Amino acid sequence: MNGVTGRMGYRQHLVRSILAIREQGGVELPDGTRIVPVPILVGRNEEKVRGIAERHGISRYGTDLGAVLADPTVEVYFDAQVTSAREKAILAAIAAGKHVYTEKPVAETVSGAVALARAARDAGIRDGVVMDKLFLPGLRKLRRLIEGGFFGRILSVRGEFGYWVFEGDWQEAQRPSWNYRAADGGGIVLDMFAHWNYVLETLFGRVEAVTARAVTHIPERVDEHGAAYAADADDAAYGIFELAGGIVAQVNSSWCVRVNRDELVEFQVDGTEGSAVAGLRRCRVQHRATTPKPVWNPDLATPEPFREQWQEVPDNTEFDNGFKVQWEEYLRHVVTGSPFPYDFAAAARGVQLAELGYASSRDGRRMAVPEIEL
């Protein structure tokens, strides 16, 4: 596990996924046997890696990635490093014959992402990419509605994501400073369009065209050491995505927005028979038969309590941590070969969407999304 000193790598992947899987006795397979992962921690800062290892009783750790990849007992390489360091490390892991599971984006460019997909295919390794949003309770409920035909014909999707990330001067920023430096692989388009691509194509249909505007609203921030730096990566993006079947999706992504919604990300889906609003955990619906009939009258206060006119979708099952659930699926895939569609090819489409989003913003035009040839 490379990069677990970072927030996501530590909290979601090490503690809430791998260590949680070990605590529950592993991942059960259909024949009753269990997969029990044994973590080996690798990072650039030996002191930080050692501290995490000692805190959780992990015996193997260090800074020498090459030595770990050369170990024939190591079967899976996981990468949660900064984006700019990921491609080289993954190629080394593939060359060493390791299966690879990684955070996204897998690379900074489409050509790099395609090269990884081809390398994984040619080496015969089992590649997987974290696509956590699909495993969260809110979107699992939304998927259940779609598969049950609740919406009729889906017309549109509207997404709102983001929160205010403090500049770092009078309050510490909630995100690492590299996210706001282009040279380090920062930028909200590269980060979030990879998410929106797999959410849209899995739930609604392939993205066929994109029109986007990427903006750097806050050009200077303060890093973890209290030093001011030029924040030259985009911190907000406004996108229109045209999907197969005529569905139009609009998604705003911003680290410069104050939250006035129930969750940090919400998707409203409107169809001929009903609508839904899904977040990370909640999902609410309004059916055609219960849709109110608002009348526009700017001279009077609106008497209708619109938010109260929606019905909560029940859990109906126990929802485990989304990152952990996908880890379990990936480990089953490695051991048994069970289907796992969240691979490098899917990740390359996410990088492609980000690249086309930047091109659309730069040139001020709609960009068609071609099929990627692997």
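One can find the structure itself at the top, above this paragraph.
Treat the numbers as computed from the prediction; the structure is a model and nothing was measured.

S.K.: Help me out: how do you make sense of the overall build of the protein in this one?
M.R.: Counting its secondary structure elements, the protein contains nine helices and 18 strands. Computed over C-alpha atoms, the radius of gyration of the protein comes to 22 Å, within 12% of the 21 Å expected from 2.2 N^0.38 for 374 residues, which places it in the range of a compact globule. Expressed as a percentage of its 374 residues, the buried residues of the protein come to 51%. Considering only intrachain contacts with a sequence separation of at least 6, the fraction spanning at least 24 residues in the protein is 68%. Carbon and sulfur atoms form 50% of the exposed surface of the protein, whose accessible area is close to 18000 Å². Looking at charge distribution, the protein has the averaged site of its 43 positive side-chain charges lying 2 Å from that of its 51 negative ones.

S.K.: How do you make sense of helix H5 (residues 110-123) when you look at a structure like this?
M.R.: Residue pairs three or four apart in sequence face the same way in an α-helix, which turns once every 3.6 residues. With 14 residues, H5 should reach 20 Å at 1.5 Å per residue; the first-to-last C-alpha distance of 20 Å fits that figure. Residues Val110, Gly112, Ala113, Val114, Leu116, Ala117 and Ala120 constitute the buried set of H5. Packed against the buried residues of H5 are helix H4 (83-95), strand E7 (127-129) and helix H9 (344-363). Residue glycine 124 follows H5 closely and has a positive phi angle near 75°.

S.K.: Looking at this structure, I do not really get the sheet that holds strand E12 (residues 236-243). What am I missing?
M.R.: Sheets are built from strands that pair by backbone hydrogen bonding, the pairs being arranged parallel or antiparallel. Reading across from one edge, E17-E16-E15-E14-E8-E13-E12-E9-E18 is the order of the nine strands in this open sheet, with mixed pairing throughout. Both outer strands of the open sheet, strand E17 (311-312) and strand E18 (367-368), are each paired with one neighbouring strand and no more. Across four bridges, the pairing between strand E14 (residues 265-271) and strand E15 (residues 274-278) is antiparallel. Following the sheet pairing, phenylalanine 267 is matched in E15 by alanine 278. Across the sheet, helix H7 (residues 188-203) is in contact with strand E8 (154-162), strand E9 (207-215), E12, strand E13 (248-254) and E14; its angle to E12 comes to roughly 25°. Packing against the sheet, H9 makes contact with E9, E12 and E18, and its axis sits at approximately 55° to E9.

S.K.: Is there a simple way to explain the pattern of salt bridges in this structure?
M.R.: Two side chains of opposite charge can pair, provided their charged atoms sit close to one another. Per the counting criterion, the structure on display carries 27 salt bridges. Between arginine 34 and glutamate 28 there is a salt bridge, with the nearest N and O atoms lying 3.5 Å from each other. For arginine 34, a relative accessible area of 43% corresponds to the partly exposed category. The exposure class assigned to glutamate 28 is partly exposed, which follows from its relative accessible area of 44%. Each of Asp262, Glu266, Arg282, Arg284, Arg307 and Glu312 takes part in a single network of salt bridges with overlapping partners.

S.K.: Can you walk me through the packing of aromatic side chains in this structure?
M.R.: Summed over the entire model, instances satisfying the criterion amount to 16 aromatic pairs. Seen in terms of ring centroids, phenylalanine 78 and tyrosine 101 are 5.8 Å apart; in terms of plane orientation they differ by 35°. Their pairing is tilted. Of the two residues, phenylalanine 78 sits in strand E5 (residues 76-79) while tyrosine 101 sits in strand E6 (residues 99-102), which places them 23 residues apart along the sequence. A single burial state applies to phenylalanine 78 and to tyrosine 101, both of which are buried. Through a chain of ring-to-ring contacts, three or more aromatic side chains come together here, namely Phe78, Tyr101, Phe135, Trp327, Tyr330, Phe340 and Tyr342. Across from the ring centre of tyrosine 229, 5.1 Å away, lies the NZ or CZ of arginine 181, which sits over that ring.

S.K.: It is not clear to me how the packing of H7 against H9 should be interpreted in this structure. Could you clarify?
M.R.: For any two helices packed against each other, one specifies the crossing angle of their axes together with the interaxial distance. Close contact between H7 and H9 brings their axes to 8 Å; oriented N to C, the two are set at 125°. In terms of orientation, H7 and H9 fall into the oblique class. Of the two elements, H7 crosses H9, and the hand of that crossing is right-handed. Each of Val189, Leu190, Phe193, Ala194, Asn197 and Glu201 in H7 lies in contact with H9, whose residues at this interface are Ala346, Arg349, Gly350, Leu353, Ala354, Gly357 and Tyr358. Within the contact of H7 with H9, the residues separate by chemical class into eight nonpolar, three polar and two charged.

S.K.: Explain the packing of helix H6 (residues 137-147) against H7 here, please?
M.R.: As a packed pair, H6 and H7 sit with axes 11 Å apart at the nearest point and diverge in direction by 25°. For the element pair H6 / H7, the angle class is roughly parallel. For the pair formed by H6 and H7, the contact residues are Leu139, Leu142, Arg143 and Ile146 on the first element and Val199, Thr202 and Leu203 on the second. Residues of the contact of H6 with H7, tallied by class, amount to five nonpolar, one polar and one charged.

Basis of the calculations
Residues numbered from 1 in each chain as written. Predicted model: local features only at pLDDT ≥ 70, side-chain atom pairs only at ≥ 80, totals over all residues. Heavy atoms only, no water. Helix = DSSP H or I, 4+ residues; strand = E, 2+ residues; numbered from the N terminus. Rg over C-alpha atoms; globule rule 2.2 N^0.38 Å. Buried < 20%, exposed > 50% of the residue type's maximum accessible area, 1.4 Å probe, protein only. Contact = heavy atoms within 4.5 Å. Areas by Shrake-Rupley, 256 points an atom, 1.4 Å probe, with all protein chains shown as cover. Lys, Arg positive; Asp, Glu negative; His and termini not counted. Charge placed at Lys NZ, Arg CZ, Asp CG, Glu CD. Expected span 1.5 Å × (residues − 1). Pairing = 2+ DSSP bridges. Axes fitted to C-alpha atoms, helices over the stretch in contact; angles between N-to-C directions. Salt bridge = Lys/Arg side-chain N within 4 Å of Asp/Glu carboxyl O. Phe/Tyr/Trp six-rings, centres within 6.5 Å; stacked < 30°, edge-to-face > 60°. Lys NZ or Arg CZ within 6 Å of the ring centre and 35° of its normal. Parallel < 35°, antiparallel > 145°, perpendicular 65-115°, else oblique. Left-handed = near helix turned anticlockwise from the far one by under 90°. Nonpolar A, V, L, I, M, F, W, Y, C, P; charged D, E, K, R; others polar.

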